[in-house]
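Single-letter residue listing:
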There are 2 protein chains.
Amino acid sequence: MSSAIPEPVTKLVEAFSRLPGVGPKTASRLTFFLLRAPDEFSLGLADALNRLKVDTRLCSVCFNITVADPCPICSAADRAADTLAVVEEPLDLMAIERTGIYKGRYHVLHGAISPVDGIGPDELKIRELVERVKQGGASEIIIATNPGMEGDATAMYLQRELAPTRVKVTRLARGLPTGGDLEYVDSVTLMRALEGRSDL
Amino acid sequence: MSSAIPEPVTKLVEAFSRLPGVGPKTASRLTFFLLRAPDEFSLGLADALNRLKVDTRLCSVCFNITVADPCPICSAADRAADTLAVVEEPLDLMAIERTGIYKGRYHVLHGAISPVDGIGPDELKIRELVERVKQGGASEIIIATNPGMEGDATAMYLQRELAPTRVKVTRLARGLPTGGDLEYVDSVTLMRALEGRSDL
């Protein structure tokens, strides 16, 4: 860019541009918005960014993101310790929490097996899960990986790894999404819904 | 959000959500991206945000954003001091700079007159512009406000305010955008293009 743009401005535009889904146009829009906004605005965002990494860590039990270790869910006395939902990401855990019906605990893998992206079992918290289950206390492992190729591969791998522990392993149901329309549902989903049909 | 999300995470999601065009979904996507990205990523963005306000100020001559005061354009010996382009925002100045053909100087109003938004002439750097022109040296003021209702209102106001100085006041041409298609051009633009037609 030309000398008309001072370096602190271009630096922030560049920093914003590195975020996923933020192009150069959005990055300058955000930067110039902050330039005109009160100082507290950019300083507050900077502070929140600094605190994100400094104040959070992974729970040493379930690997969810947390301030206190173990995390509030792992240390909650009223959450069933014998049921573990295995999710790919902390955001998936939060989605399950939002349903409000799950009262067990979690294990966050931090990804899914994806040979294309070079992510194998060792890059995920799988060894830690198997170790955790081996130590006993679990009566059901609910595999809640995403319903796609990578989530399926991860689920199959987990099933095999957990088999020696003889703990019951289940997986989230596949079928029609609520509010969906048969006409627009993809054939794989419809196939899964047929396979998983239940008596009325 | 539930207790499953640690406070530093929700704080950053909230801070991102306050940015224009960033909804809660995008804000959590960005936050979780940063959680997984190396520390340098979020700390670099935080640093750029801090520096934005600390290291920049408005040029005391043209009110462009700058590190040094006066700004590089105002202090450049090879830029004609007798021609001033009046723009609404620093981004507009940069757009003109990108053309590479303008060799005069600038005056940044920091907005346009907009009664709806409660922005009158006193909220803009208009008094400073009139003062600057009165001090002499300018032979042409090019009004480069945006081609819309607010930009037009601002241009008319500036024209009236600058009339006593007897300095020539011009405005950017209105007409068809290059690469545009007559079929898709709005009727106001087409009207302006007809009004401004020139001999071949």
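Scroll up for the structure.
Fair warning: this is a prediction, and the values are worked out from it, not measured in the lab. (Residues numbered from 1 in each chain as written. Chains lettered and ligands numbered in written order. Predicted model: local features only at pLDDT ≥ 70, side-chain atom pairs only at ≥ 80, totals over all residues. Heavy atoms only, no water.)

Caption draft 1: Expanded view of the interface of chain B and chain A. Taken together, the contacts link 56 residues of chain B with 55 residues of chain A. Summed over both partners, the interface of chain B with chain A comes to about 4,800 Å²; 74% of that surface belongs to carbon and sulfur atoms. Linking R36 of chain A and E89 of chain B is a salt bridge whose minimum nitrogen-to-oxygen distance equals 2.6 Å. Along the contact surface separating chain B from chain A lie 16 residue pairs in polar contact (both at pLDDT 80 or more). Listed by contribution, the elements that provide at least two residues to the side of chain B that touches chain A are α1 (7-17), α2 (24-36), α3 (39-55), β2 (65-66), α4 (72-75) and α5 (90-99) of chain B. (Contact = heavy atoms within 4.5 Å. Buried area = accessible area lost by both parts, 1.4 Å probe. Salt bridge = Lys/Arg side-chain N within 4 Å of Asp/Glu carboxyl O. Polar contact = N/O pair within 3.5 Å; in protein donor to acceptor, adjacent residues only side chain to side chain. Helix = DSSP H or I, 4+ residues; strand = E, 2+ residues; numbered from the N terminus.)

Caption draft 2: Structural detail: the side chain of T31 of chain B. Mapped onto the secondary structure, T31 of chain B falls in helix α2. A residue is classified by how much of its surface remains accessible, and T31 of chain B, at 0% relative accessible area, is buried. Of note is the side chain of T31 of chain B, whose polar atom sits 2.8 Å from the backbone oxygen of A27 of chain B. Setting aside residues no more than four positions away along its own chain, T31 of chain B makes contact with L52 of chain A together with V9, L12, V13 and F16 of chain B. (Buried < 20%, exposed > 50% of the residue type's maximum accessible area, 1.4 Å probe, protein only.)

Caption draft 3: Region of the structure containing unusual backbone geometry. All names here are of chain A. Cis geometry is adopted by the peptide bond preceding P70, which originates at D69 and carries an omega value of 0°. Of note, P70 is situated in the loop between β2 (65-66) and β3 (83-87). For F63, which is not a glycine, the phi torsion comes out positive at approximately 70°. Structurally, F63 is set in the loop between β1 (57-58) and β2. In this structure, H110 takes a positive phi of about 65° despite not being glycine. As for its position among the elements, H110 is in the loop between β4 (105-108) and α5 (126-134).

Caption draft 4: Representation of the relation of the copies chain B and chain A in the model. Between the two copies, chain B and chain A, the superposition gives an RMSD of 0.1 Å; the rotation angle is 179° and the shift along the axis is 0.1 Å. One copy is carried onto the other by what is essentially a two-fold rotation axis. Nearest to the rotation axis, the C-alpha of A46 of chain B is located 2.0 Å from it, this being the minimum over chain B. (Least-squares fit on C-alpha atoms with pLDDT ≥ 70 in both.)

Caption draft 5: Looking closely at the nonpolar core. Membership of the largest hydrophobic core comes to 70 residues, with the highest contact counts inside it found for F16, L45 and L49 of chain A together with F16, L45 and L49 of chain B. Once you skip the residues sitting within four places of it in the chain, L45 of chain A turns out to touch F16 of chain A together with L12, A15, F16, L19 and L49 of chain B. (Core = buried A, V, L, I, M, F, W, Y, C linked by side-chain atoms within 4.5 Å.)

Caption draft 6: The pairing of β4 of chain A, seen in detail. Residue and element names in this part refer to chain A. Along β4, one buried face is formed by R105 and H107 and the opposite face, lined by Y106 and V108, is buried too. Here β3 runs beside β4; their pairing, made up of 4 bridges, is parallel. Across the sheet, L84 pairs through a bridge with R105, a residue of β4. Handedness of the β-α-β unit built from β3, helix α4 (residues 90-99) and β4 comes out right-handed. (Pairing = 2+ DSSP bridges. Right-handed = clockwise from strand over helix to strand, strands pointing away.)

Caption draft 7: Region of the structure containing the sheet that holds β3 of chain A. Residue and element names in this part refer to chain A. Taken in spatial order, the 4 strands make up an open sheet running β4-β3-β5-β6, and their pairing is parallel. The sheet is open, and its two edges are formed by β4 and β6 (168-171), each paired on a single side. Pairwise comparison of adjacent strand axes, ignoring direction, gives a mean angle of 25° for this sheet. Those strands touched by α5 are β3, β4 and β5 (140-143), and its axis lies near 150° from that of β4. (Axes fitted to C-alpha atoms, helices over the stretch in contact; angles between N-to-C directions.)

Caption draft 8: Layout of the side chain of E97 of chain A. Position of E97 of chain A relative to the elements: it lies in helix α4. A polar contact of 2.8 Å, which involves the side chain of E97 of chain A, links it to the side chain of R79 of chain A.

Caption draft 9: Geometry of the sheet that holds strand β6 (residues 168-171) of chain B. All names here are of chain B. Taken together, 4 strands build an open sheet; the order of strands is β4-β3-β5-β6 and the sheet is parallel. Because the sheet does not close on itself, it has two edges, and the strands there are β4 (105-108) and β6. Between one strand and the next, the sheet's axes are offset by a mean angle of 25°, whatever the strand orientation. In terms of strand pairing, strand β5 (residues 140-143) meets β6 through 4 bridges, oriented parallel. Bridging across to β6, I142 finds its partner in T170. Across the sheet, helix α6 (residues 126-134) is in contact with β3 (83-87), β4 and β5; its angle to β4 comes to roughly 150°.

Caption draft 10: Region of interest: the pattern of salt bridges. Residues and elements named next belong to chain B. In the structure shown here, the tally under the stated rule is 18 salt bridges over all chains. Between R192 and D152 there is a salt bridge whose closest N-O contact spans 3.6 Å. A residue pair is termed long-range when its members are at least 10 positions apart, and R192 in helix α8 (residues 187-195) and D152 in helix α7 (residues 149-162) qualify at 40 residues. Classification of R192 as partly exposed rests on a relative accessible area of 27%.

That's the geometry; what it means functionally is another story.
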